[in-house]
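Coordinate analysis (summary)
The primary structure of each chain is shown beneath.
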Amino acid sequence: YLDHQLAAALVYRYGAHQISVFIVPETKPLTRSATSIRGYQVVHQQVAAMDFWLVSDAEPAVITKLSQLLVGQ
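Described below are features of the structure shown in this document.

**Examining the pairing of strand 3 (residues 33-37)**
With five bridges connecting them, strand 3 and strand 4 (residues 40-47) associate as antiparallel partners. When the sheet's bridge partners are listed, Ser36 is paired in strand 4 with Gln41. Linkage of strand 3 to strand 4, two consecutive antiparallel strands, is achieved through a turn of two residues, within which Arg38 is found at a positive phi near 50 degrees.

Listed below in structure tokens is the structure:
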């Protein structure tokens, strides 16, 4: 569960970095966003009524590329 909502969680490895991907049903329309919080990169993207949240301490370009691959862009 993520924020009291059923979620799927995927974990990827990139070198020494772990990339966590959380997928939940869309809660409200948002645009794609990327930010840094306490040293972690957070990328959000919506596709087909699903929210994809990627979180990692890997470089922003790596997280963005995985996000694009996951959603087919």
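**Here's the deal with helix 1 (residues 60-71)**
End to end, helix 1 covers 17 Å across twelve residues, agreeing with the expected 16 Å (1.5 Å per residue, within 8%). Looking at helix 1, one finds that the buried residues are Val62, Ile63, Leu66, Ser67 and Val71. Mapping the buried residues of helix 1 onto a view down its axis gives an arc of 150 degrees, with all of them on the same face. Opposite the buried face of helix 1, at more than 90 degrees from it, the exposed residues are Ala61 and Leu69. Against strand 1 (8-14), strand 2 (17-25), strand 4 and strand 5 (50-56) lie the buried residues of helix 1.

**Thoughts on unusual backbone geometry**
The phi dihedral of Arg38 is positive, around 50 degrees, even though this residue is not glycine. Here Arg38 lies in the loop between strand 3 and strand 4. Non-glycine residue Ala48 carries a positive phi angle of around 50 degrees. Judged by relative accessible area, Ala48 falls into the exposed class, the value being 69%.

**Looking at the pairing of strand 2**
Consecutive residues of a regular strand have side chains that alternate between opposite faces of the sheet. Here seven bridges tie strand 1 to strand 2, and the two strands are oriented antiparallel to one another. From the neighbouring strand, Tyr12 faces strand 2, where its bridge partner is Ile19. Hairpin connection from strand 1 to strand 2: two residues lie between these consecutive antiparallel strands, with Gly15 at a positive phi of about 60 degrees. Alignment of strand 2 against strand 5, held across seven bridges, turns out to be antiparallel.

Procedures and definitions
Throughout, a residue's number is its position along its own chain's written sequence, starting from 1. Totals for whole chains, interfaces and linings use all residues, but because this is a predicted model, local features are given only for residues with pLDDT of at least 70 and pairs of side-chain atoms are given and counted only at 80 or more. Hydrogens and water are ignored here; the side-chain numbers use all heavy atoms of the structure. A pair of strands is treated as paired once DSSP finds two or more bridges between them. Helix numbers and strand numbers start at the N terminus; a helix is a DSSP run of H or I with at least 4 residues, a strand a run of E with at least 2. Residue count minus one, scaled by 1.5 Å, sets the expected span of a helix. Whether a residue is buried, partly exposed or exposed follows from its accessible area with a 1.4 Å probe, protein chains only, as a fraction of its type maximum: under 20%, in between, or over 50%, in that order. The arc in question is traced by the directions running from the helix axis to the C-beta atoms. Any two residues whose heavy atoms approach within 4.5 Å at even a single point are treated as in contact.

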